[in-house]
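# Examining the three-dimensional arrangement
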Amino acid sequence: LFRSHRPSGPTRITWEALVPQSGQVFGTVTISTISLALRISAIDSATEAHLDPDRELRLTGLVTLLVGGTGGLIGSHSPGLVALNQEVGSARTSGVC
């Protein structure tokens, strides 16, 4: 009924199929990076936390690669939730379950 998951190596990828999609990949990466930079800036302005944008971009990119590469759901910063947590006086780790 269920087949066991067998990891595929790079030899099983059809690399020629990726070339026509390179424009879409580049556009998605560009828009995602701009969106993330705006989210970080909004959190920095709202909380006066003085975030380091370079560090935040690098950490988010690393976590996205790790989680996405293992089939997990990726996420990003959420200025609305940060503002809500700050307004109600929640701890820094209030979103960690």
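Preceding block: the structure.
Summary of the structure given here. (Residues numbered from 1 in each chain as written. Predicted model: local features only at pLDDT ≥ 70, side-chain atom pairs only at ≥ 80, totals over all residues. Heavy atoms only, no water.)

## Remarks on the overall build of the chain
- Scanning the chain for helices and strands turns up 3 helices and 0 strands.
- Within the span of the chain, comprising 97 residues, buried residues form 7% of the whole.
- A fraction of 50% describes how many contacts in the chain between residues 6 or more apart in sequence connect residues 24 or more apart.
- By element, 62% of the accessible surface of the chain is carried by carbon and sulfur atoms, the whole surface being about 8400 Å². (Helix = DSSP H or I, 4+ residues; strand = E, 2+ residues; numbered from the N terminus. Buried < 20%, exposed > 50% of the residue type's maximum accessible area, 1.4 Å probe, protein only. Contact = heavy atoms within 4.5 Å. Areas by Shrake-Rupley, 256 points an atom, 1.4 Å probe, with all protein chains shown as cover.)

## Quick word on the layout of surface pockets
- Space inside the second largest pocket adds up to approximately 470 Å³.
- Around the second largest pocket, the lining comprises 16 residues; the ones closest to its centre are S32, T33, T60, G61 and T64.
- At the level of elements, α1 (22–47) and α2 (53–69) are the ones that each hand at least two residues to the lining of the second largest pocket.
- Its residues assigned to classes, the lining of the second largest pocket comprises 5 nonpolar, 10 polar and 1 charged. (1 Å grid on protein atoms, 1.4 Å probe; cavity = no way out; pocket = protein on both sides within 12 Å on 5 of 7 lines; lining within 4 Å. Points joined across faces, edges and corners; volume = space filled by probe spheres on them. Nonpolar A, V, L, I, M, F, W, Y, C, P; charged D, E, K, R; others polar.)

## A short note on the side chain of T60
- Within the secondary structure layout, T60 lies in helix α2.
- Residues contacting T60, with those up to four places away along its chain left out, are L36 and H77.

## What to know about the side chain of T47
- Position of T47 relative to the elements: it lies in helix α1.
- Polar side-chain contacts of T47 include one of 2.7 Å to the backbone oxygen of I43.
- In contact with T47, other than residues within four places in its own chain, are V82 and Q86. (Polar contact = N/O pair within 3.5 Å; in protein donor to acceptor, adjacent residues only side chain to side chain.)

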